[in-house]
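The lines below spell out each chain.
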Amino acid sequence: MKARKLKEIVGFNILRLCVGIVIAILIVILYDITSKGIGVISWKFLTAMPKNGMTEGGILPAIVGTILVTVITALLSIPLGMGCAIYLNEYARDNKITRLIRMSIRNLSGVPSIVYGLFGVILFVQMMNLGTCILSAGFTLGLMTLPWTITASEEALKNVPNSYREGALALGATKWQAIKTNVLPYAIPGMLTGTILGLSRAAGETAPILFTGAAFFLPFLPKSLSSQFMALPYHLYIMSTQHHAVSKVRPIAYGTALVLIALVFIMNLCAVMVRYRLRKIKME
Amino acid sequence: MAKHNNYKEKIIHGLFFLNGLLVIIVLIGIFVLLVTKSLPAFKEIRFSEFLFKANWNPTATFVAPSYGIGSMLVSTLLVSIGALAIAIPLGIGAAAYLSDVASQRVREIAKPVIEILAGIPSVVIGFLGIVLVGPVIAKIFHIPNGLNALNGSILLAVMALPTIISLSEDALNSVPKSFQDASLALGATHWQTLVRVKIPAALSGIIAASMLGMGRAIGETMTVLMATGCAIAMPTSFLQSVQTMTATIAIELGEVPYNTTHYYALFGIGLVLFIITFIVNMISDIVLNKYQRVLK
């Protein structure tokens, strides 16, 4: 009896250790980046161009580039992802094509990011002749985030009670009117939350933009959506592996990493706030 | 009026249907483009040679260039399996703790921790592999630098953990409570119930989670590109620098001229990657489907 109890205590403590390790990993990551990156961050670092072969100056073009690409990603991913989710949850019957669509979504979310990069090079850069630019990179990331947007949006649609739809239909509304007035207003907060989370992951991705538009070094802001751009994740990669004086620019690399993580966090925070605010409006 | 509405409804339905078909088109599109772009390479390279020979040297000048990706294939598998060897026990342990032992407060702390961990960009994890994990490995094993397969495995484990933990936790939570009650009523301790009843009952869900983690690890690019040292050679140990398939594409596609055999061969690597991750994901899918049917 005692041995059994002892075994249980030891077992549970091993499990506790597992959770402790996971939490410790996150603390180490955040502590290391923050403690070594915070010293570099200044107004100048955030708003100046890189100088002297990127050994001095700021990272403004990388910040602007990442934001622009993320906007393009959102413009492609949000309407198409939400549309697909509306089809699956509101219109689709349980038939072969629906199952095929669902299978495709699951598989798309497992396609490696570098393969999306290859796809983007052929489709956007070469076949559509867009060249390496913000549009190509944004579209590539847009396709990559599509499965996440669809899954999150469908989840939000599922949470709208069926009685809402039936109420509208009973009053003589058509299917689309019912969706437009009685389903979407309640689903959109959840849809946006999930979508913004997906976009924050896209903003940190490097592999898909390697060949579709990210540039090594551009000491000016992108002039249009058809120009190449610097991006925070690519800049971090360059500064930590490809730069000619890797150890000299290490502080800049840490600063870039901190800004990138901060950007991802801010986007996540926005997602949570959208959910909270829109939910409050709905309550009223 | 009613007729007009009906017409409009049909068009809207049709548009949403086309939107739904789009994902199938994208998936098939990726596959078709990868195949058409890699086919020219296989006119010059025998497919078996491409896959199994470890002689990747497309830029050879004095001898004929060779395109065997064997060493990269092994490197990818080695790094991924190493990652899973770390992430699976740790992930299942954490999931079991969170679903069965943890207090509400611990759960409320752990959930955002796992979400934040999942949100950290891969390039940041790769950077930490260079500045943090690498020096530690070099010190422990007395080797000049710590950029090797082990480093890659550790980083990929960190990246696979959130997937494995949250999906395994879901699997454990969906084991019917009657299973647990029956076991406890028969006099088993909580630990015995967890290890002999709940984990076996949730096993296929846990396997599916691990397979998804494996798919992620195989397809991950930036972390392995930055932390494994990038040396093309058949790996003999975890302490050797390796270069995975994803890293090769990332390094070489930017430098190779369009429409050369080398260029097509890189798309060939992409195709192999696509097929491997497709199969891994399908297996995960099938296992999960079976499991859900059994539970019902």
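Since we're looking at a predicted model, the values are computed, not measured.

Enquirer: Just to check I follow, could you spell out the overall build of chain B for this structure?
Expert: Per the secondary structure count, chain B includes 12 helices and zero strands. The order of helices and strands in chain B, counted from the N terminus, is α-α-α-α-α-α-α-α-α-α-α-α. Based on the C-alpha atoms only, the size of chain B along its principal axes is roughly 75 × 75 × 30 Å. Taking all 296 residues of chain B together, the buried fraction comes to 52%. When contacts within chain B are restricted to residue pairs at least 6 apart in sequence, those whose partners lie at least 24 apart make up 70%. Carbon and sulfur atoms make up 67% of the accessible area of chain B, which totals about 13400 Å².

Enquirer: Sorry if this is basic, but what is going on with the overall build of chain A here?
Expert: For chain A, the count of helices and strands is 10 helices and two strands. Counting across all 284 residues of chain A, residues that qualify as buried make up 54%. Sequence-distant contacts, at least 24 apart, represent 74% of the contacts inside chain A between residues at least 6 apart. Looking at chain A as shown, the accessible area adds up to about 12900 Å², and 66% of this sits on carbon and sulfur atoms. A gap of 4 Å separates the mean positions of the 26 positive and 10 negative side-chain charges of chain A.

Enquirer: Looking at this structure, how should I read the interface of chain A and chain B?
Expert: Interface size is commonly expressed as the accessible surface area that is lost when the partners come together. On the chain B side, the residues contacting the 76 residues of chain A number 75 residues. Interface of chain A and chain B: buried area, both sides summed, is about 6800 Å²; carbon and sulfur atoms make up 78% of it. Seen at the junction of chain A and chain B, the total is one salt bridge. Residues B:Asp285 and A:Arg106 are paired through a salt bridge, measuring 2.7 Å at the closest nitrogen-oxygen approach. There are 11 residue pairs in polar contact (both at pLDDT 80 or more) connecting chain A and chain B. Sorting the residues of the side of chain A that touches chain B by element identifies α1 (2-37), α3 (60-91), α4 (96-110), α5 (113-127), α6 (134-158), α8 (175-203), α9 (232-242) and α10 (250-283) of chain A as the ones contributing at least two each. Ranked by residue count, the leading element in the side of chain A that touches chain B is α1(A), at 19 residues. For the side of chain A that touches chain B, a count of residues per class yields 54 nonpolar, 14 polar and eight charged.

Enquirer: How should the packing of aromatic side chains be read in this particular structure?
Expert: Centre distance and the angle of the planes are the two values used to describe a pair of aromatic rings. Taken as a whole, this structure holds 17 aromatic pairs over all chains when the rule is applied. Between A:Phe12 and B:Trp191 the ring centres are 5.9 Å apart and the planes differ by 80°, which places this aromatic pair in the edge-to-face class. With one member in each of two chains, A:Phe12 in helix α1 and B:Trp191 in helix α8 (residues 190-201) form a pair that bridges those chains. Through pairs of rings, three or more aromatic residues link up here, namely B:Tyr258, B:Tyr263, B:Tyr264 and B:Phe267.

Enquirer: Teacher, can you tell me more about the environment of A:Ile86 here?
Expert: Within the secondary structure, A:Ile86 sits in helix α3. A relative accessible area of 6% places A:Ile86 in the buried class. Apart from residues no more than four positions distant in its own chain, A:Ile86 is found in contact with A:Tyr91, A:Leu157, A:Ile179, A:Leu184, A:Met191 and B:Phe16.

Enquirer: Please explain unusual backbone geometry as it appears in this structure.
Expert: Both trends apply: most residues other than glycine have a negative phi, and most peptide bonds are in trans. A positive phi angle, near 60°, is found at A:Asn129, a position not held by glycine. The exposure class of A:Asn129 is exposed, given its relative accessible area of 64%. One non-glycine residue, B:Cys230, lies in positive phi territory at about 50°. Mapped onto the elements of the fold, B:Cys230 is located in the loop between α10 (222-227) and α11 (245-252).

Enquirer: Looking at this structure, how should I read a nonpolar patch on the surface?
Expert: Residue and element names in this part refer to chain B. Residues Ile28, Phe31, Val32, Ile275, Ile279 and Ile283 make up a contiguous nonpolar surface patch of roughly 490 Å² in combined accessible area. Counting residues per element, the ones that place at least two in the nonpolar patch are α1 (2-44) and α12 (261-295). As for its position among the elements, Ile28 is in helix α1. By relative accessible area, which is 49% here, Ile28 ends up partly exposed.

Enquirer: Looking at this structure, how should I read α9(A)?
Expert: In terms of residue burial, α9(A) counts as a mostly covered element, since nine of its 11 residues are buried. Taken as a whole, α9(A) has its buried residues at A:Leu232, A:Pro233, A:Tyr234, A:His235, A:Leu236, A:Tyr237, A:Ile238, A:Met239 and A:Ser240.

Enquirer: Just to check I follow, could you spell out the packing of α1(A) against helix α4 (residues 104-119) of chain B for this structure?
Expert: Two measures define how a pair of helices packs: the angle their axes make with one another and the distance between the axes. With their axes 10 Å apart at the nearest point, α1(A) and α4(B) run at an angle of 50° to one another. By the angle between their directions, the pair α1(A) and α4(B) is classed as oblique. Helix-helix and strand crossings are classified by hand; for α1(A) and α4(B) the assignment is left-handed. Packed against α1(A), whose contacting residues are A:Val22, A:Ile23, A:Ile25, A:Leu26 and A:Ile29, the element α4(B) presents B:Val113, B:Ile116 and B:Leu117 at the interface. Per-class residue counts for the contact of α1(A) with α4(B) are eight nonpolar, no polar and no charged.

Enquirer: Explain the packing of helix α3 (residues 70-101) of chain B against α4(B) to me, please; I cannot follow it from the model alone.
Expert: Residue and element names in this part refer to chain B. Look at α3 against α4: their axes get within 10 Å of each other, and the N-to-C directions meet at 145°. Two packed elements cross with a definite hand, and for α3 against α4 that hand is left-handed. Of α4, the residues touching α3 (which contributes Tyr97, Leu98 and Ser99) are Val106, Arg107, Ala110 and Ile114. Its residues assigned to classes, the contact of α3 with α4 comprises five nonpolar, one polar and one charged.

Enquirer: Explain α4(B) to me, please; I cannot follow it from the model alone.
Expert: Think of an α-helix as turning once every 3.6 residues; residues three or four places apart then point the same way. Taking 1.5 Å per residue as the helical rise, α4(B) with its 16 residues ought to reach 22 Å, and the 23 Å between its terminal C-alpha atoms agrees with that figure. Listing the buried residues of α4(B) in full gives B:Ala110, B:Val113, B:Ile114, B:Leu117 and B:Gly119.

Enquirer: Got a minute to help me understand the side chain of B:Lys37 in this structure?
Expert: Within the secondary structure, B:Lys37 is located in helix α1. Despite being buried, B:Lys37 has no salt bridge partner; B:Glu44 is the closest side chain of opposite charge, sitting 14 Å away. The contact partners of B:Lys37, leaving out residues within four places of it in the chain, are A:Ile122, A:Gln126, B:Asn259, B:Tyr263, B:Tyr264 and B:Phe267.

Enquirer: Can you walk me through the confidence of the model for chain B in this structure?
Expert: Predicted coordinates in areas of low pLDDT are best not read in detail. Residues at a pLDDT of 70 or more form 98% of chain B, whose mean pLDDT is 90. Our summary of model confidence lists the complex with pTM equal to 0.92 and ipTM equal to 0.91.

Enquirer: Is there a simple way to think about the pattern of salt bridges in this case?
Expert: Working definition: two side chains of opposite charge can pair if their charged atoms are close together. A complete count under the given rule lists nine salt bridges over all chains for this structure. Close ionic contact of A:Asp94 with A:Arg99 constitutes a salt bridge, the shortest N to O distance being 3.4 Å. What makes A:Arg99 partly exposed here is its relative accessible area of 46%. Here B:Glu115 makes a salt bridge to B:Lys111, at a shortest N to O gap of 3.4 Å. Within this pair, B:Glu115 and its partner B:Lys111 are both found in helix α4, separated by four residues, close to a single helical turn. Using a relative accessible area of 53% as the deciding quantity, one classes B:Lys111 as exposed.

Rules and cut-offs
- Residues numbered from 1 in each chain as written.
- Chains lettered and ligands numbered in written order.
- Predicted model: local features only at pLDDT ≥ 70, side-chain atom pairs only at ≥ 80, totals over all residues.
- Heavy atoms only, no water.
- Helix = DSSP H or I, 4+ residues; strand = E, 2+ residues; numbered from the N terminus.
- Buried < 20%, exposed > 50% of the residue type's maximum accessible area, 1.4 Å probe, protein only.
- Contact = heavy atoms within 4.5 Å.
- Areas by Shrake-Rupley, 256 points an atom, 1.4 Å probe, with all protein chains shown as cover.
- Lys, Arg positive; Asp, Glu negative; His and termini not counted.
- Charge placed at Lys NZ, Arg CZ, Asp CG, Glu CD.
- Buried area = accessible area lost by both parts, 1.4 Å probe.
- Salt bridge = Lys/Arg side-chain N within 4 Å of Asp/Glu carboxyl O.
- Polar contact = N/O pair within 3.5 Å; in protein donor to acceptor, adjacent residues only side chain to side chain.
- Nonpolar A, V, L, I, M, F, W, Y, C, P; charged D, E, K, R; others polar.
- Phe/Tyr/Trp six-rings, centres within 6.5 Å; stacked < 30°, edge-to-face > 60°.
- Patch = residues over 30% accessible without salt bridge, like charges linked within 9 Å, V, L, I, M, F, W, Y side chains within 5 Å.
- Axes fitted to C-alpha atoms, helices over the stretch in contact; angles between N-to-C directions.
- Parallel < 35°, antiparallel > 145°, perpendicular 65-115°, else oblique.
- Left-handed = near helix turned anticlockwise from the far one by under 90°.
- Expected span 1.5 Å × (residues − 1).
- pLDDT = per-residue confidence, 0-100.

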